[in-house]
Amino acid sequence: MIDGPYFALTVLGVLGTGLVAGVCFAFSAFVMRGLGSLPPARGAAAMNAINRAATTPVFMILFMGAALLSAVLAVVTFVLWPEGTVELLVGSALYLVGVFAVTAAANVPRNGALLRMDPDAPETAVYWRSYVREWTLWNHVRTVASAGAALSYLLALT
């Protein structure tokens, strides 16, 4: 069984990735559906406001902290090779690839493109429809990956 500081890091990994899973789940379950039901100009404006608000220190510490913790757990796991190694490596890979990398490669570029558009412009209405569909699809990936990471870390503790 994992113990000492390594146990504490793994518990923090469960909590951090689990909280990110909850945020992603909320967006997949109802936030994006609600925004998508608005007229495109209002939906795009609301999503831009959410994206600006999301970069608060509290959320960024959670999101980036979970990534840093996942990286530390992966490195320490390779060095110490403790019990629960597979679960720790799977949890780290799920978060780093399925959440952090997907965010950087799929969600953030879409957010940036939307922020540069005038919500009232006709091309924004066209982009908005694909934005909601594609952004939500990638968010489903992040939801499953972050929940899977939390579960993997939890299994490493048992």
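Before any of the text, the structure's been laid out above.
The shown structure was predicted, so the numbers you read here are calculated from the model rather than taken from an experiment. (Residues numbered from 1 in each chain as written. Predicted model: local features only at pLDDT ≥ 70, side-chain atom pairs only at ≥ 80, totals over all residues. Heavy atoms only, no water.)

Draft legend 1. Local environment of the overall build of the protein chain. The number of helices and strands found in the protein chain is five helices and zero strands. Along the chain direction, N to C, the helices and strands of the protein chain fall in the order α-α-α-α-α. Once the C-alpha set of the protein chain is aligned to its principal axes, its extents read approximately 60 × 25 × 20 Å. By residue count, 42% of the 158 residues in the protein chain fall in the buried class. Element-wise, carbon and sulfur atoms account for 76% of the exposed surface of the protein chain, whose accessible area totals about 8100 Å². Positive and negative side-chain charges in the protein chain, numbering 8 and 7 respectively, have mean positions lying 13 Å apart. (Helix = DSSP H or I, 4+ residues; strand = E, 2+ residues; numbered from the N terminus. Buried < 20%, exposed > 50% of the residue type's maximum accessible area, 1.4 Å probe, protein only. Areas by Shrake-Rupley, 256 points an atom, 1.4 Å probe, with all protein chains shown as cover. Lys, Arg positive; Asp, Glu negative; His and termini not counted. Charge placed at Lys NZ, Arg CZ, Asp CG, Glu CD.)

Draft legend 2. Region of the structure containing the layout of surface pockets. Roughly 510 Å³ of internal volume is contained in the largest pocket. In terms of lining residues, the largest pocket is bounded by 24 residues, among which Ala-54, Phe-59, Thr-103, Asn-111 and Arg-142 are the most central. Ranked by the residues each element gives to the lining of the largest pocket, the list is headed by helix α4 (residues 85–115), at eight residues. Its residues assigned to classes, the lining of the largest pocket shows 15 nonpolar, seven polar and two charged. (1 Å grid on protein atoms, 1.4 Å probe; cavity = no way out; pocket = protein on both sides within 12 Å on 5 of 7 lines; lining within 4 Å. Points joined across faces, edges and corners; volume = space filled by probe spheres on them. Nonpolar A, V, L, I, M, F, W, Y, C, P; charged D, E, K, R; others polar.)

Draft legend 3. Here's a closer look at the nonpolar core. By size, the foremost hydrophobic cluster in this structure holds 13 residues, and its most contacted members are Met-32, Met-47, Leu-114, Trp-128 and Tyr-131. Taken together, the elements giving at least two residues each to this core come down to α1 (4–36), α2 (40–54) and α5 (122–157). Residue contributions to this core peak at five residues, all from α5. The residues contacting Met-32, other than those within four sequence positions of it, are Phe-27, Met-47, Tyr-131, Val-132, Trp-135 and Thr-136. (Core = buried A, V, L, I, M, F, W, Y, C linked by side-chain atoms within 4.5 Å. Contact = heavy atoms within 4.5 Å.)

Draft legend 4. Highlighting the packing of aromatic side chains. Under the definition given, this model contains seven aromatic pairs. Aromatic pair Phe-63 and Tyr-95: ring centres 6.2 Å apart, planes at 55°, arrangement tilted. Taken together, the positions of Phe-63 in helix α3 (residues 57–80) and Tyr-95 in helix α4 put the pair 32 residues apart, joining distant regions of the chain. Here Phe-63 matches Tyr-95 in class, with each residue buried. Aromatic side chains Phe-63 and Phe-100 sit 5.9 Å apart centroid to centroid with 25° between the ring planes, which places their arrangement in the stacked category. Taken together, the positions of Phe-63 in helix α3 and Phe-100 in helix α4 put the pair 37 residues apart, joining distant regions of the chain. With relative accessibility at 7%, the residue Phe-63 sits in the buried group. Each residue in the set Phe-27, Tyr-127, Trp-128, Tyr-131 and Trp-135 is aromatic and connected to the rest through ring pairs, giving one cluster. (Phe/Tyr/Trp six-rings, centres within 6.5 Å; stacked < 30°, edge-to-face > 60°.)

Draft legend 5. Layout of the packing of α2 against α4. Contact pair α2 / α4: the axes reach a minimum separation of 10 Å and the direction vectors enclose 120°. Between α2 and α4, the crossing angle belongs to the class labelled oblique. Between α2 and α4 lies a crossing of left-handed hand. Contacts between α2 and α4 involve Ala-44, Met-47, Asn-48, Asn-51 and Arg-52 from the former and Asn-111, Leu-114 and Leu-115 from the latter. Split by residue class, the contact of α2 with α4 holds four nonpolar, three polar and one charged. (Axes fitted to C-alpha atoms, helices over the stretch in contact; angles between N-to-C directions. Parallel < 35°, antiparallel > 145°, perpendicular 65-115°, else oblique. Left-handed = near helix turned anticlockwise from the far one by under 90°.)

Draft legend 6. A look at the side chain of Ser-70. The topology assignment puts Ser-70 in helix α3. Judged by its relative accessible area of 1%, Ser-70 falls in the buried class. There is a polar contact of 3.1 Å between the side chain of Ser-70 and the side chain of Tyr-153. Sequence-distant contacts of Ser-70, defined by excluding residues within four places in its chain, comprise Thr-17, Ser-92, Tyr-95, Leu-96 and Tyr-153. (Polar contact = N/O pair within 3.5 Å; in protein donor to acceptor, adjacent residues only side chain to side chain.)

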